[in-house]
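Notes for the structure review
What follows is the residue order along each chain.
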Amino acid sequence: MTGAKVEELVIISGKGGTGKTSLTASFAVLAEFPVLADCDVDAADLHLILAPTVRERHEFRSGNEAVIRSADCLGCGKCFELCRFGAVVPGGEGEAYAIDPVACEGCGVCVRFCPAAAIDFPEALCGEWLVSETRCGPMVHARLGVAAENSGKLVSTVRSEARRLANEHGHGLVIVDGPPGIGCPVIASLTGTSQALVVTEPTVSGEHDLERVLKLARHFGIPTSVCVNKWDLNPSMTERIEALALRAGARIAGRIRYDNAVTAAQMLGKAVVETEAPSAGDIRRVWEALGLQGNKEKS
């Protein structure tokens, strides 16, 4: 199957907490050995359900970070004067200054104007990305460092590596657990994908956030489906949301009921469809509506 076209499904939401990671884990089981990618790099949690065994670790470096060489610093305070982000920590009179790495924005002004050329500007270590094995198939995931930026670039790295694995090892499907919202990480998750599934919930904020994310998907020309999670908590709002989705050119993939057994499955480290949860049947129907199969046998 190597060299065959690889389909890619991205599961996103207009806000956090709608249940997209639970749905992604269940799809991973139903797809029968896809490649998985957790692109919610700011708060990755797919590993909590799929318990991956890490096979590879890779540093993620992006942007730059100023570092003052204390032995060469004149203590003149020029960097302290020019830094707009409060990242330069002053010493005593005539003593070396230092850079607070959390506050540094990597603009390079201090490097440019240091009279002693005592400031280095190396590429910043922002986190790491990992290749792991799970019971459902290989998974690419990442950890962004504390206060680190460039999450969109890290998302692109995770997706690129997942597609590479799929092509090299004959997997027909990549399933992506995308980040919430409509910002840079979501754009990096969506562009060029085969189709997207937006998971929403029947609330006023859910309706508003769905409208925004559907506009984003439409802008990039991504075929999009909508699934309403916990639909039975507000049936009238569910109907309103589905009508909004249809007007926006999306199709309705299905509804998932509110189910306490979802929490029980998470506590057991299982996908919902690996249990007898009443909502497991709803999730299977949503999966079938998407028309994706993945591989029938493990590679």
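See above for the structure.
So, here is what we can say about the structure in this document. (Residues numbered from 1 in each chain as written. Predicted model: local features only at pLDDT ≥ 70, side-chain atom pairs only at ≥ 80, totals over all residues. Heavy atoms only, no water.)

Next up on the list: the overall build of the protein chain. Scanning the protein chain from terminus to terminus reveals 10 helices and 13 strands. Along the first, second and third principal axes, the C-alpha set of the protein chain runs to 70 × 45 × 35 Å. Expressed as a percentage of the 299 residues in the protein chain, the buried residues total 47%. Look at the contacts in the protein chain between residues 6 or more apart in sequence, and 77% of them connect residues 24 or more apart. Surface exposure of the protein chain reaches about 13900 Å², of which carbon and sulfur atoms provide 52%. (Helix = DSSP H or I, 4+ residues; strand = E, 2+ residues; numbered from the N terminus. Buried < 20%, exposed > 50% of the residue type's maximum accessible area, 1.4 Å probe, protein only. Contact = heavy atoms within 4.5 Å. Areas by Shrake-Rupley, 256 points an atom, 1.4 Å probe, with all protein chains shown as cover.)

Turning next to the layout of surface pockets. Any empty space left between atoms is shown by rolling a water-sized probe over those atoms. Taken as a whole, the largest pocket holds about 480 Å³ of empty space. If you trace the largest pocket, you find 25 residues lining it, with Thr18, Gly19, Ser22, Val262 and Gln266 closest to the centre. Contributing elements (two or more residues each) for the lining of the largest pocket: helix H1 (20-30), helix H2 (47-50), helix H9 (261-267) and helix H10 (279-290). Top contributing element to the lining of the largest pocket by residue count: H1, with 4 residues. (1 Å grid on protein atoms, 1.4 Å probe; cavity = no way out; pocket = protein on both sides within 12 Å on 5 of 7 lines; lining within 4 Å. Points joined across faces, edges and corners; volume = space filled by probe spheres on them.)

Our focus in this paragraph is the packing of H1 against H10. In the contact formed by H1 and H10, the axes pass within 10 Å of each other and the chain directions differ by 70°. Taken together, H1 and H10 sit at an angle that is classed as roughly perpendicular. The interaxial crossing formed by H1 with H10 has right-handed handedness. For the pair H1 and H10, the contacting residues are Leu23, Ser26, Phe27 and Leu30 in the first and Ile283, Arg284, Val286, Trp287 and Leu290 in the second. Class assignment of the residues belonging to the contact of H1 with H10 gives a composition of 7 nonpolar, 1 polar and 1 charged. (Axes fitted to C-alpha atoms, helices over the stretch in contact; angles between N-to-C directions. Parallel < 35°, antiparallel > 145°, perpendicular 65-115°, else oblique. Left-handed = near helix turned anticlockwise from the far one by under 90°. Nonpolar A, V, L, I, M, F, W, Y, C, P; charged D, E, K, R; others polar.)

For the rest of this paragraph, the subject is unusual backbone geometry. One non-glycine residue with positive phi stands out, namely Ala51, at about 45°. Note that Ala51 resides in the loop between H2 and strand S3 (53-64). Under the relative-accessibility criterion, Ala51 is labelled exposed at 54%. Positive phi outside glycine occurs at Ala117, with the angle close to 50°.

Before going further, it helps to examine the pattern of salt bridges. Scanning the model with the defined rule gives 20 salt bridges in all. Between Glu133 and Arg55 there is a salt bridge, and its shortest N-O distance comes to 2.2 Å. Of this pair, Glu133 sits in strand S8 (residues 123-134) while Arg55 is found in strand S3, placing the two residues 78 residues apart along the sequence. Between Glu128 and Arg57 there is a salt bridge, with its nearest N and O atoms 2.9 Å apart. Taken together, the residues Glu128 in strand S8 and Arg57 in strand S3 connect sequence positions 71 residues apart. Among the ionic contacts, a cluster of salt bridges with common partners joins Glu8, Arg159 and Arg163. (Salt bridge = Lys/Arg side-chain N within 4 Å of Asp/Glu carboxyl O.)

A few words now on the side chain of Ser151. Of note, Ser151 is situated in helix H5 (residues 151-169). The buried category is assigned to Ser151, whose relative accessible area is 13%. The contact partners of Ser151, leaving out residues within four places of it in the chain, are Val41, Asp42, Leu144 and Pro185.

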